[in-house]
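A structural walkthrough
As a plain string of letters, each chain reads:
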Amino acid sequence: MIVVNLDVMMAKRKISLNELSERVGITITNLSKLKTGKAKAIRFTTLEAICKALDCTPADILDYSSEE
């Protein structure tokens, strides 16, 4: 299963959901779904924009766990 650590990176960068939404150009609702792990997919362009805004890599945001 893929684990989304967006909330961890946001906390490390001290950035709010509202601020990230403005920087990336994605609705708060969609970012919230991603942050809580309820999103079923993410576009590479979205992932790239989030990584750019948070100055991180996809591996900082996404993790894999073999346990469900």
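Given the structure is predicted, the values throughout are model-derived calculations rather than measurements.

1. Notes on the nonpolar core
Among the nonpolar cores identified, the biggest contains 16 residues, and Leu6, Met10, Leu20, Leu31, Ile50, Leu54 and Ile61 are the most heavily contacted of them. Contributions of two or more residues to this core are made by helix H1 (6–13), helix H2 (17–24), helix H3 (28–35) and helix H4 (44–54). With 4 residues, H4 is the single largest residue contributor to this core. The contacts of leucine 6, once residues within four sequence positions are left out, are Leu20, Leu31, Leu34, Lys35, Ile50, Leu54 and Ile61.

2. So, the packing of H1 against H3
Here H1 crosses H3 at 110 degrees, and the two axes come no closer than 8 Å. Taken together, H1 and H3 sit at an angle that is classed as roughly perpendicular. Contact with H1, carried on its side by Leu6, Asp7 and Met10, involves Leu31, Leu34 and Lys35 of H3 and no other residues of that element. Along the lines of polarity and charge, the residues of the contact of H1 with H3 split into 4 nonpolar, no polar and 2 charged.

Each value, and the rule that gives it
- Residues numbered from 1 in each chain as written.
- Predicted model: local features only at pLDDT ≥ 70, side-chain atom pairs only at ≥ 80, totals over all residues.
- Heavy atoms only, no water.
- Core = buried A, V, L, I, M, F, W, Y, C linked by side-chain atoms within 4.5 Å.
- Buried < 20%, exposed > 50% of the residue type's maximum accessible area, 1.4 Å probe, protein only.
- Helix = DSSP H or I, 4+ residues; strand = E, 2+ residues; numbered from the N terminus.
- Contact = heavy atoms within 4.5 Å.
- Axes fitted to C-alpha atoms, helices over the stretch in contact; angles between N-to-C directions.
- Parallel < 35°, antiparallel > 145°, perpendicular 65-115°, else oblique.
- Nonpolar A, V, L, I, M, F, W, Y, C, P; charged D, E, K, R; others polar.

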